[in-house]
Amino acid sequence: MFTGIVETIGEVIKVETEGTNKTFTLRSTLTPELKIDQSLNHNGVCLTVVSIREDTYQVTAVEETLKKTNLGKLAEGSKVNLERCMPANGRFDGHIVQGHVDQVGTCTRVEERDGSWLYDFEYDASLGNVTVEKGSICINGVSLTVFNSEKNAFRVTIIPYTHSFTNFHQLQEGDTINLEFDILGKYIQRILGAHTA
């Protein structure tokens, strides 16, 4: 379980293809605190630490994950948002995030506005996911609040801290982003769908 509050940015220093899987070696300030078998959120995707060496660690993404997220586009030098699991006595500073990406979306607009940034995103609504005005959304592992919610699009505002300390400062129009929709909204949608079917 995660909260969507990014702890730090990791840097991909090596990508290895093993059959249909990819193993990523990352450098991070979190590495000394990690342990093998630990779950770690990478751009919104929960992956297991499989190796640790000095200031680097490795995780492996299977074919299904690579197809349904933007991890397949990572290359040497890519910056990745990182968050460890929330401790049982921790605070929910963001919202409930499972680390299970529902689908990818596309950044369609970036606008700087008096010290903050507006980002517009689109996604394929035919997959059944929805956003709710002033509801929660997880973008590349970052917990954010939705506004201008439409059937297949929405907008978020990024404050300077989030812009600087996540990979949002690298996000450009046309980039693919990982989306995990609000778990409460997904359950409600499923319940309503079951009653109307």
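1. Examining the pairing of strand S9 (residues 136-139)
- Of the strand pairs in this sheet, S9 and strand S10 (residues 142-145) are connected by 4 bridges, and their pairing is antiparallel. Note on S10: the bridge partner recorded for Ile 139 is Val 142.
- Between S9 and S10, which pair antiparallel and follow one another directly, the connecting turn spans 2 residues, one of which, Asn 140, has a positive phi of 50 degrees.
- Of the pairings in the sheet, the one linking S9 to strand S12 (residues 176-181) comprises 3 bridges and is antiparallel in character. Its bridge partner being in S12, Ile 139 is matched across the sheet by Leu 179.

2. Comments concerning the environment of Cys 85
- In this fold, Cys 85 is placed in the loop between strand S6 (79-84) and strand S7 (103-113).
- Separated by 27 residues in sequence, Cys 85 and Gln 58 place their C-alpha atoms 17 Å apart.
- Not counting chain neighbours up to four residues away, the residues in contact with Cys 85 comprise Met 1, Phe 2 and Ser 39.

3. Some thoughts on unusual backbone geometry
- The phi dihedral of Glu 54 falls on the positive side, at around 55 degrees, and the residue is not glycine.
- With respect to the secondary-structure elements, Glu 54 resides in the loop between strand S4 (45-53) and strand S5 (56-61).
- We note that Asn 140 has phi near 50 degrees; this positive angle belongs to a residue other than glycine.
- When you line up the elements, Asn 140 lands in the loop between S9 and S10.
- The class of Asn 140 is buried, set by a relative accessible area of 5%.

Calculation rules
- Residues numbered from 1 in each chain as written.
- Predicted model: local features only at pLDDT ≥ 70, side-chain atom pairs only at ≥ 80, totals over all residues.
- Heavy atoms only, no water.
- Pairing = 2+ DSSP bridges.
- Helix = DSSP H or I, 4+ residues; strand = E, 2+ residues; numbered from the N terminus.
- Contact = heavy atoms within 4.5 Å.
- Buried < 20%, exposed > 50% of the residue type's maximum accessible area, 1.4 Å probe, protein only.

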